[in-house]
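Spelled out, the chains give:
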Amino acid sequence: MHRDELKVFSELAPGQNKNVSDRLAEQLKDKIVSGELHSGYVFPNENELCALLKVGRGTLREAYKVLNTMGYVSRTKNGTRVNDVKEIAAKGSFNASVEFSNYCELIEFVLVLEAETAALAAKKASHEELREIETELELCDKYLRDLPTLRQCNRRFHDKVRLAAQNHLMTSAMAASLYIFEKQVIMRLYREHPGTREFMIRAVNQHHELYEKLCQHDSEGAKRIARAHMLASVERLHEMGLRPQWILS
């Protein structure tokens, strides 16, 4: 085993509060996503790696099994190899594809899916679901000047809209991508920064516009506003200098 490999694997320490194989799989996944274990990398001999990690072969193989199921690695007679991004996408491992997506891909995906979800919600939302969305909207108004609380209200508002689409596949896809989107975009918007208050007022006004379209069952209007709302968040991030600028068509 090379010195660089020793450094990568010696940093791993399966914890005691979680199944050891699951914990190891999670840590190896992080190394793959970060690029420390690059596409095409073949893991060292099992006995050698087990000795370094101080785990049994059964534990290591269970971790490999988890990673294989998630699409991060392939197991062959010649060893366990890290898959490249195209292989992961081809195998249909959506969560892994989200982890590996670049910033532009993520934004494009969220813009499309959020807009289509809002359009479906406008068609399908029940009276009870609309009332739940209205309740979250009222909380957004109430906590407009309390940024930490507003962020939670904003999340719940959008969650309610997505659930009103009544499409479990779309809801699941959004949940997988929004974890990354929230870290990359949303959380950074809720900082005290020149123009933040004005931006939040405009954002909540867009919530009201979207809610009106949902109540009117105007799917095209809901789609247009949802896309504009998400795009405004990305553009605001660029204005704050937190991400490089590019044009989104």
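Residues numbered from 1 in each chain as written. Predicted model: local features only at pLDDT ≥ 70, side-chain atom pairs only at ≥ 80, totals over all residues. Heavy atoms only, no water.

S.K.: Would you mind showing me how to read the overall build of the protein chain here?
M.R.: Within the protein chain, the regular secondary structure consists of twelve helices and two strands. Element order for the protein chain, N to C, with α for helix and β for strand: α-α-α-α-β-β-α-α-α-α-α-α-α-α. The principal-axis extent of the C-alpha atoms belonging to the protein chain is close to 65 × 40 × 40 Å. A total of 249 residues make up the protein chain; the buried ones form 44% of that total. In the form shown here, the protein chain has an accessible surface area of approximately 13,500 Å², with 51% of it arising from carbon and sulfur atoms. Distance between charge centroids for the protein chain: 4 Å, based on 36 positive and 35 negative side chains. (Helix = DSSP H or I, 4+ residues; strand = E, 2+ residues; numbered from the N terminus. Buried < 20%, exposed > 50% of the residue type's maximum accessible area, 1.4 Å probe, protein only. Areas by Shrake-Rupley, 256 points an atom, 1.4 Å probe, with all protein chains shown as cover. Lys, Arg positive; Asp, Glu negative; His and termini not counted. Charge placed at Lys NZ, Arg CZ, Asp CG, Glu CD.)

S.K.: Hey, could you run me through the pairing of strand 1 (residues 73-76) in this one?
M.R.: On a regular strand, each side chain points to the face opposite its neighbour's, so the side chains alternate between the two faces of the sheet. As defined by bridge partners, strand 1 adjoins strand 2 (residues 79-82) across four bridges and the pair is classed as antiparallel. Bridging from a neighbouring strand, Thr 76 pairs with Gly 79 of strand 2. Between the end of strand 1 and the start of strand 2, which pair antiparallel, lie two residues. (Pairing = 2+ DSSP bridges.)

S.K.: Looking at this model, I keep getting lost on the packing of helix 11 (residues 196-215) against helix 12 (residues 219-239). Mind explaining?
M.R.: Geometry of a packed helix pair, given as the angle between the helix axes and the separation of the axes. Contact geometry of helix 11 with helix 12 gives a least axis separation of 9 Å together with a crossing angle of 165°. Classified by the angle between their axes, helix 11 and helix 12 sit roughly antiparallel to one another. Between helix 11 and helix 12 the crossing geometry is left-handed. Residues Thr 196, Phe 199, Ala 203, Gln 206, His 207, Glu 209, Leu 210, Lys 213 and Leu 214 of helix 11 form the contact with helix 12, whose participating residues are Gly 221, Ala 222, Arg 224, Ile 225, Ala 228, His 229, Ala 232, Ser 233 and Arg 236. Here the contact of helix 11 with helix 12 is composed, by residue class, of eight nonpolar, six polar and four charged. (Axes fitted to C-alpha atoms, helices over the stretch in contact; angles between N-to-C directions. Parallel < 35°, antiparallel > 145°, perpendicular 65-115°, else oblique. Left-handed = near helix turned anticlockwise from the far one by under 90°. Contact = heavy atoms within 4.5 Å. Nonpolar A, V, L, I, M, F, W, Y, C, P; charged D, E, K, R; others polar.)

S.K.: What's the story with the packing of aromatic side chains in this structure? I'm lost.
M.R.: Within a pair of aromatic rings, the relevant descriptors are the distance that separates the centres and the angle that separates the planes. Taken as a whole and judged by the stated rule, the model has two aromatic pairs. Pairwise contacts between aromatic rings join Tyr 41, Phe 43 and Tyr 64 into one cluster. (Phe/Tyr/Trp six-rings, centres within 6.5 Å; stacked < 30°, edge-to-face > 60°.)

S.K.: So what exactly am I meant to see when it comes to the side chain of Ser 21 here?
M.R.: With respect to the element layout, Ser 21 can be found in helix 2 (residues 20-34). Take Ser 21: its relative accessible area is 10%, and that puts it in the buried class.

S.K.: Looking at this structure, I do not really get the side chain of Asn 154. What am I missing?
M.R.: In this fold, Asn 154 is placed in helix 9 (residues 147-164). Of note is the side chain of Asn 154, whose polar atom sits 3.0 Å from the side chain of His 207. Residues contacting Asn 154, with those up to four places away along its chain left out, are Cys 140, Tyr 190, His 207 and His 229. (Polar contact = N/O pair within 3.5 Å; in protein donor to acceptor, adjacent residues only side chain to side chain.)

S.K.: Is there a simple way to think about helix 8 (residues 127-142) in this case?
M.R.: Three- or four-residue spacings in an α-helix give side chains the same orientation, since the helix completes a turn every 3.6 residues. The terminal C-alpha atoms of helix 8 lie 23 Å apart, and with 16 residues this matches the ideal 22 Å at 1.5 Å per residue to within 8%. Every buried residue of helix 8 is accounted for by Glu 129, Leu 130, Ile 133, Glu 136, Leu 137 and Cys 140. Buried residues of helix 8, seen end-on, are gathered within an arc of 125° and therefore sit on one face of the element. Residues of helix 8 that are exposed and point more than 90 degrees away from the buried face comprise His 127, Glu 128 and Lys 142. On the buried face of helix 8, the contacting elements are helix 7 (103-124), helix 9 and helix 11. (Expected span 1.5 Å × (residues − 1). Arc of directions from axis to C-beta.)

S.K.: Help me understand the nonpolar core in this model?
M.R.: Looking at soluble globular proteins, one finds that nonpolar side chains tend to be buried together. Judged by nonpolar contacts, the single largest core of 48 residues is most densely connected at Leu 150, Phe 181, Val 185, Leu 189, Met 200, Leu 210 and Leu 214. Elements represented by at least two residues in this core include exactly helix 7, helix 8, helix 9, helix 10 (168-189), helix 11 and helix 12. The element that contributes the greatest number of residues to this core is helix 7, accounting for ten residues. Look past the residues within four positions of Leu 210 in its chain and what remains in contact with it is Ala 118, Phe 157, Val 161, Ala 222 and Ile 225. (Core = buried A, V, L, I, M, F, W, Y, C linked by side-chain atoms within 4.5 Å.)

S.K.: Would you take a moment to explain the pattern of salt bridges for this structure?
M.R.: Pairing is possible between side chains that carry opposite charge, provided their charged atoms lie close to one another. Across all of its chains, the model carries 15 salt bridges by this definition. Linking Glu 62 and Lys 65 is a salt bridge whose minimum nitrogen-to-oxygen distance equals 3.4 Å. Pair noted here: Glu 62 and Lys 65 are both in helix 4 (residues 57-70), with a separation of three residues, about one helical turn. Notably, a salt bridge pairs Glu 138 with Arg 131, separated by 3.9 Å at the nearest N-O pair. Taking relative accessible area as the criterion, Arg 131 reaches 40% and is therefore assigned partly exposed. Taken together, the salt bridges that share partners define one network made up of Glu 46, Arg 57, Arg 61 and Arg 75. (Salt bridge = Lys/Arg side-chain N within 4 Å of Asp/Glu carboxyl O.)

S.K.: Can you help me understand the packing of helix 3 (residues 46-53) against helix 4 in this one?
M.R.: As a packed pair, helix 3 and helix 4 sit with axes 9 Å apart at the nearest point and diverge in direction by 105°. As far as their axial angle goes, helix 4 and helix 3 are roughly perpendicular. Contacts from Glu 46, Asn 47, Leu 49 and Cys 50 in helix 3 reach Arg 57, Leu 60, Arg 61 and Tyr 64 in helix 4. The class makeup of the residues in the contact of helix 3 with helix 4 is four nonpolar, one polar and three charged.

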